[in-house]
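# Report on the structure
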Amino acid sequence: MSLNSIFQYFVPKDKKVFFPLFEQAATNVKQMAEVLVEAVNSKNDADRQEAFKQIDKLENKGDDLTHQIYLELGKNFITPFDREDIHALATAIDDVADYIQGSANRMLLYNIEEYTEPICKLSELILQGSIDLEKAVRELKDLKNVRNIADSCIRINSVENQADYVFDRAVADLFLYEKDAMRLIKYKEILAALETATDMCEDAANVMESILVKNA
Amino acid sequence: MSLNSIFQYFVPKDKKVFFPLFEQAATNVKQMAEVLVEAVNSKNDADRQEAFKQIDKLENKGDDLTHQIYLELGKNFITPFDREDIHALATAIDDVADYIQGSANRMLLYNIEEYTEPICKLSELILQGSIDLEKAVRELKDLKNVRNIADSCIRINSVENQADYVFDRAVADLFLYEKDAMRLIKYKEILAALETATDMCEDAANVMESILVKNA
Amino acid sequence: MSLNSIFQYFVPKDKKVFFPLFEQAATNVKQMAEVLVEAVNSKNDADRQEAFKQIDKLENKGDDLTHQIYLELGKNFITPFDREDIHALATAIDDVADYIQGSANRMLLYNIEEYTEPICKLSELILQGSIDLEKAVRELKDLKNVRNIADSCIRINSVENQADYVFDRAVADLFLYEKDAMRLIKYKEILAALETATDMCEDAANVMESILVKNA
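Bear in mind that the values here come from a model prediction, so they are computed numbers and not experimental data. (Residues numbered from 1 in each chain as written. Chains lettered and ligands numbered in written order. Predicted model: local features only at pLDDT ≥ 70, side-chain atom pairs only at ≥ 80, totals over all residues. Heavy atoms only, no water.)

Next up on the list: the overall build of chain A. When helices and strands are tallied, chain A shows 7 helices and 0 strands. Reading chain A from its N end, one meets helices and strands in the order α-α-α-α-α-α-α. Rg of the C-alpha trace for chain A: 19 Å, near the compact-globule value of 17 Å for 216 residues, within the 12% margin. Projected onto its principal axes, the C-alpha positions of chain A cover 65 × 30 × 25 Å. (Helix = DSSP H or I, 4+ residues; strand = E, 2+ residues; numbered from the N terminus. Rg over C-alpha atoms; globule rule 2.2 N^0.38 Å.)

Shown next as structure tokens:
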């Protein structure tokens, strides 16, 4: 038994501070993913610009939440999990938000004309991953349903595998069918940013799995 | 002395569970690297396709081993090292396997015609790194030969440095001699995936070094 | 209170060994960044070659310092912070050095003709980040001015954000104005290496923040 676990029997846990912040951060990421899916499926350029702006706003909100978690970590004597894990989870959720915004930003900056099928598919996978991320985070507060958290983490891993596959296939197709090297590079960069957002979901899942391992 | 080390004098260690799994995972990576070297040196396209299929199979086997380690972590009260280190080492070994398979997958998907010298050289370096990875993992079980583990880790670091150099040189040559931008991108991507496999070996070495530091 | 903190009241700390090494490593990174800024702003090719050579030398010196920290970790019974954090901080500082040298190396290998504004701007940001990195590292030894360390870490985060923005904007401009795909790829790679150096500064800042969290 880790000393951490022994301590759990003696100390009260300050759950009221951290869990609401984590839940808000995870919900924020899910909303970003929803807006991303809207943006890439939008038939209307003005709507899409609007969606990209909303993603920027949500990302700022996410930054504030992450910062609040760090501040609470500094103030709180007792934390529900290891301080390192709280730090790592907050960072991982923030990374998902960063890559969603980074992908949206590239689409905007590179001024792409066509929102291709792999772009839409990867955005959809990010949303799936974010839904499970939020689910898992909500279960962390009581660890009553460890099975549910583990299942969400497994699904997030599967989403990341699918995203890898979509990315690889899409890049192979670019090499086969895209004749303009510039366009090929642009699309490859955007697809890579989207795919990395699912990697960051997986990182968050890995932190949660490691929290389960220590607190099981 | 860390509390972890104090505890080591009181608790039996469940070495029988974890070490065989780690050894199998490391041997599996070494086999993947051997098949990769065969594939890139193959003069026969059918043989190469066969090798790529075998890499996929071994990668699946590696995934199962990683999953088993995670499951055991959940079940086992006592672990030979910190649970976090066991988790991190299993993940790092799995990452090496992922990048070997990812490299092979790109070669297949991008349908490259020529297996160039830097591709063969980087594959060879991955194999060297994997051989030392396996050696070091096999020594973990008793920590009698800490020097051997440290030496393997140093060699893995040196392999990663050499791979960096081969990669940089190869990309510079592509810029000098390759006139087709598409081909340049393809080869650069494949070389990058191969080089990253050696980075992941180094990550595994870093985890082992940190295990040594804590358990010395 | 973490057990780590309890122990702090009982054990003397071997600060005399680690802090000078960390300070030398951070100063070394700052010097590399200074030489990088000189190199990219140099009007004279011979001076620039000289600067690149000096970066290589400093990187070697940094490697030695990192290695010494690892060795001390193995020898020292008592460490001022968690051994893992010492290992992680040494690695992060080494990573900044690696990416500065990697950027310089690419500029040299790809034989670029023009040191563009974004290259100079990113080099300047690396220098700013390195200055704060050194400042923060120097404050670690007594943790009297926790606020100063936290402020440096916040500034390093801001530098990383600015570098992201410069990188994104520069790559968008390449897509707009650069007609030669090869040149576009070259510059994109160099900008990416420079931007990653600021990511590594942020990693180092994250480790220091996590040290603060544990030792506050």
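Moving on, we come to the pattern of salt bridges. Here the idea is simple: oppositely charged side chains can pair when their charged atoms come close. Residues and elements named next belong to chain C. Within the structure shown, the criterion is met by 38 salt bridges over all chains. In this structure, the salt-bridge partner of R48 is D45, at a minimum N-O distance of 3.4 Å. Of this pair, R48 and D45 both sit in helix α3 (residues 45-75), 3 residues apart, which is roughly one turn of that helix. On the accessibility criterion, R48 (7% relative accessible area) is buried. (Salt bridge = Lys/Arg side-chain N within 4 Å of Asp/Glu carboxyl O. Buried < 20%, exposed > 50% of the residue type's maximum accessible area, 1.4 Å probe, protein only.)

A few words now on the interface of chain A and chain B. The interface is formed by 20 residues belonging to chain A together with 17 residues belonging to chain B. Summing both partners gives a buried area of about 1800 Å² for chain A against chain B, and 72% of it is carried by carbon and sulfur. Our enumeration of links across chain A and chain B arrives at 1 salt bridge. Two residues, E189 of chain B and K188 of chain A, come together in a salt bridge whose shortest N-O distance is 2.9 Å. There are 2 residue pairs in polar contact (both at pLDDT 80 or more) connecting chain A and chain B. When residues of the side of chain A that touches chain B are traced back to their parent elements, those giving at least two are α1 (3-8), α6 (146-177) and α7 (181-215) of chain A. Counting residues per element, the side of chain A that touches chain B draws most heavily on α7 of chain A, at 9 residues. Residue classes in the side of chain A that touches chain B are distributed as 10 nonpolar, 2 polar and 8 charged. (Contact = heavy atoms within 4.5 Å. Buried area = accessible area lost by both parts, 1.4 Å probe. Polar contact = N/O pair within 3.5 Å; in protein donor to acceptor, adjacent residues only side chain to side chain. Nonpolar A, V, L, I, M, F, W, Y, C, P; charged D, E, K, R; others polar.)

At the interface, 17 residues of chain C touch 18 residues of chain B. Of the roughly 1700 Å² buried between chain C and chain B, counting both surfaces, carbon and sulfur atoms make up 72%. Linking chain C with chain B are 1 salt bridge. Residue assignment for the side of chain C that touches chain B shows that the elements contributing at least two residues are α1 (3-8), α3, α4 (83-109) and α7 (181-215) of chain C.

This part takes up the UniProt feature "coiled-coil region" (unreviewed entry) in chain A. According to UniProt, the feature "coiled-coil region" (unreviewed entry) maps to residues 41-68 of chain A in the numbering used here. In residues 41-68 of chain A, helix accounts for 89% and strand for 0%; the two terminal C-alpha atoms are 33 Å from one another. (UniProt positions renumbered as here; feature names shortened; annotations may be inferred.)

Here we come to the packing of helix α7 (residues 181-215) of chain B against α7 of chain C. Packing of α7 of chain B against α7 of chain C brings their axes to within 9 Å, and their N-to-C directions diverge by 30 degrees. Comparing the axis directions of α7 of chain B and α7 of chain C gives the class roughly parallel. Once α7 of chain B is placed against α7 of chain C, the crossing between them reads as right-handed. Taken together, the residues of α7 of chain C that come into contact with α7 of chain B (itself represented by A181, L184, I185 and K188 of chain B) are A181, M182, I185 and E189 of chain C. (Axes fitted to C-alpha atoms, helices over the stretch in contact; angles between N-to-C directions. Parallel < 35°, antiparallel > 145°, perpendicular 65-115°, else oblique. Left-handed = near helix turned anticlockwise from the far one by under 90°.)

Note on the identical chains: chain A maps onto chain B by a rotation of 120 degrees and an axial translation of 0.0 Å, with an RMSD of 0.0 Å. A rotation of that kind, with that shift, is consistent with a three-fold axis. The C-alpha atom lying nearest the rotation axis in chain A is that of A181 of chain A; the distance is 3.7 Å. The residues that chain A uses at the interface reappear at the interface of chain B in only 15% of cases, marking distinct surfaces. (Least-squares fit on C-alpha atoms with pLDDT ≥ 70 in both.)

Two aromatic rings are characterised by how far apart their centres lie and by the angle between their planes. Residue and element names in this part refer to chain B. Counted according to the given criterion, the structure contains 6 aromatic pairs over all chains. Taking 5.7 Å as the distance between ring centres and 90 degrees as the angle between the ring planes, the aromatic pair formed by F19 and F81 counts as edge-to-face. Taken as a pair, F19 in helix α2 (residues 15-41) and F81 in the loop between α3 (45-75) and α4 (83-109) lie far apart in primary sequence, 62 residues in all. For F19, a relative accessible area of 3% translates into the label buried. (Phe/Tyr/Trp six-rings, centres within 6.5 Å; stacked < 30°, edge-to-face > 60°.)

A few words on the environment of V213 of chain C. Here V213 of chain C lies in helix α7. For V213 of chain C, the contacting residues outside a window of four places in its chain are L73 and R83 of chain A.

Attention shifts here to a negative patch on the surface. Among the surface-exposed residues, E34, E38, D47 and E50 of chain A lie close enough to one another that they form a single negatively charged patch. For the negative patch, the secondary-structure elements that each account for two or more residues are α2 (15-41) and α3 (45-75) of chain A. (Patch = residues over 30% accessible without salt bridge, like charges linked within 9 Å, V, L, I, M, F, W, Y side chains within 5 Å. Areas by Shrake-Rupley, 256 points an atom, 1.4 Å probe, with all protein chains shown as cover. Lys, Arg positive; Asp, Glu negative; His and termini not counted. Charge placed at Lys NZ, Arg CZ, Asp CG, Glu CD.)

Okay, the side chain of H87 of chain A next. If you trace the backbone, H87 of chain A turns up in helix α4 (residues 83-109). H87 of chain A gets classed as buried once you look at its relative accessible area, which sits at 8%. Every residue in contact with H87 of chain A, bar those within four places of it in the chain, is listed here: Y70 and L73 of chain A together with N206, E209 and S210 of chain C.

Before going further, it helps to spend a moment on the environment of R183 of chain B. Residue and element names in this part refer to chain B. Relative to the elements of secondary structure, R183 occurs in helix α7. It is 33 Å that separates the C-alpha atoms of R183 and T91, two residues lying 92 residues apart in sequence. Leave out the neighbours within four places in its chain, and R183 touches E113, E114 and E178. A distance of 2.7 Å separates polar atoms of two side chains, one belonging to R183 and the other to E113.

Attention now goes to the packing of α4 of chain C against α7 of chain C. Residue and element names in this part refer to chain C. Close contact between α4 and α7 brings their axes to 8 Å; oriented N to C, the two are set at 170 degrees. Here α4 is positioned roughly antiparallel relative to α7, judged by the angle of their axes. The two elements α4 and α7 cross, and the hand of that crossing is left-handed. Taken together, the residues of the contact of α4 with α7 sort by class into 17 nonpolar, 3 polar and 6 charged.

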